[in-house]
Amino acid sequence: MATENSTVTDKQPKSFEELICSPSLADGLKKHASYLSTVNFLLSLTAFLGNSLILVALHKESSLHPPSKLLYRCLATTDLLIGLATQSLYTIHWISLVREDWILCRFAFDTAFILGYQLGIVSLLTLAAIGVDRLLALLLGLRYRQTVTLKRMYIVVATLWVVSGVGALLFILDYRLSFWYSCAVIISCLIISFASYTKIFYSLCHRRIQRRDRVQQQPRAPNALNIARYKKAVYSALWVQLALVICYVPYIVVAILIASSETYSSQLIVSSRIVLVFFFFNSSLNPFLYCWKISEVRQAVIETIRQALCCPCS
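Since the structure is predicted, the reported quantities are computational estimates derived from the model, not experimental observations. (Residues numbered from 1 in each chain as written. Predicted model: local features only at pLDDT ≥ 70, side-chain atom pairs only at ≥ 80, totals over all residues. Heavy atoms only, no water.)

Novice: I'd love a proper account of the overall build of the protein chain, names of residues and values included.
Specialist: For the protein chain, the count of helices and strands is 10 helices and two strands. Starting at the N terminus and ending at the C terminus, the protein chain contains elements arranged as β-α-α-α-α-α-α-α-α-β-α-α. The buried share of the protein chain, taken over its 314 residues, is 48%. Counting contacts in the protein chain only where the partners sit at least 6 residues apart, residues at least 24 apart contribute 81% of the total. Split by element, the accessible area of the protein chain, about 16500 Å² in all, is 68% carbon and sulfur. (Helix = DSSP H or I, 4+ residues; strand = E, 2+ residues; numbered from the N terminus. Buried < 20%, exposed > 50% of the residue type's maximum accessible area, 1.4 Å probe, protein only. Contact = heavy atoms within 4.5 Å. Areas by Shrake-Rupley, 256 points an atom, 1.4 Å probe, with all protein chains shown as cover.)

Okay, structure coming up:
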């Protein structure tokens, strides 16, 4: 039974990486490798197929505001890359661990971790940007389309990738520095998202009270339908935000335990791999949330599937 703690006296920042691909704790991980590699493969497949459908649907959908659609395309792209690259590499990591190919095991783990780190930060930043975008749509009103342009949104998305790239580079240079950098990014994203949605719901409540006081206003003013559609967009974004937080929090908690520990048990390492699967589950879950909460995307996905199944032979 390989349940004893393993203490590393030197090269502490890389001790966890060394242990996860070493014979010292491999025996305790091998019995979980078959299960975890299978789950990773299935989630990789569903994330790739689901987000591919979403990207095709977003390309066809024209009713969504282009800058807002770009943010959802960015989020779907990160989820697709997580399924295609990161989870596939983790599957290779588990297989190489069973075969005791330590060089391949370490390469797959390091590459998957760096990619997952960068893509996870991009997802968090993108969801924070979606919250800000929804807030601006409410506050700016008619000026929103002139202010939030596609060109400016491309600059925002490029900035998000640069910020995540800095974190990935820091991981290569210093693991602990990258950990604290990611903590700062995560806290900032959560604060921005919380502040944005709090302001949105406060403003919506304030407007509802104002409309009640205007008894002489027409019951079917043009703005009423816009507000109803806006609420649907806000709730859709909020569902995606909550799903990400629920899937990411267990992994973040375990990552904090690992970063603050000086000894590593096989139970802690197995726990980190299990919550990592839950972390990646978010990439497979998001396409279902898009279809469930965004009717335009749902219709485009149904049409895409119908065209694929009924492709004419001629």
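Novice: Can you break down empty space enclosed by the protein residue by residue, with the values?
Specialist: Summed over the entire model, instances satisfying the criterion amount to four cavities of 30 Å³ or more. Of the pockets and cavities examined, the largest cavity occupies roughly 400 Å³. If you go around the largest cavity, you meet 26 residues; those closest to its centre are Phe113, Tyr117, Ser182, Tyr251 and Ala255. Elements with a contribution of two residues or more to the lining of the largest cavity: α3 (66-98), α4 (102-140), α7 (175-213), α8 (222-260) and α9 (266-293). Ranked by residue count, the leading element in the lining of the largest cavity is α4, at seven residues. Looking at side-chain class alone, the lining of the largest cavity contains 19 nonpolar, six polar and one charged residues. (1 Å grid on protein atoms, 1.4 Å probe; cavity = no way out; pocket = protein on both sides within 12 Å on 5 of 7 lines; lining within 4 Å. Points joined across faces, edges and corners; volume = space filled by probe spheres on them. Nonpolar A, V, L, I, M, F, W, Y, C, P; charged D, E, K, R; others polar.)

Novice: Can you break down the pattern of salt bridges residue by residue, with the values?
Specialist: Between side chains of opposite charge, a pair can form as their charged atoms come close. Taken as a whole and assessed by the stated rule, the structure comprises four salt bridges. A salt bridge links Glu296 to Arg229; the shortest N-O distance between them is 3.4 Å. Placement of Glu296 in helix α10 (residues 295-309) and of Arg229 in helix α8 is noted, with a sequence separation of 67 residues between them. By relative accessible area, Arg229 is classed as partly exposed at 47%. A salt bridge links Arg306 to Glu303; the shortest N-O distance between them is 3.7 Å. With Arg306 and Glu303 both in helix α10 and three residues apart, this pair spans about one turn of that helix. (Salt bridge = Lys/Arg side-chain N within 4 Å of Asp/Glu carboxyl O.)

Novice: Could you give me a rundown of the environment of Leu169, with the residues and numbers involved?
Specialist: By the element assignment, Leu169 lies in helix α6 (residues 150-173). Expressed as a C-alpha distance, the spacing of Leu169 and Gln118, which sit 51 residues apart in the sequence, is 9.3 Å.

Novice: Go over unusual backbone geometry with me, naming the residues and quoting the values.
Specialist: A negative phi angle is the norm for most residues apart from glycine, just as the trans form is the norm for most peptide bonds. Look at Glu100: it is not a glycine, yet its phi comes out positive at around 60°. The residue Glu100 is located in the loop between α3 and α4 in this model. We classify Glu100 as partly exposed; its relative accessible area is 43%.

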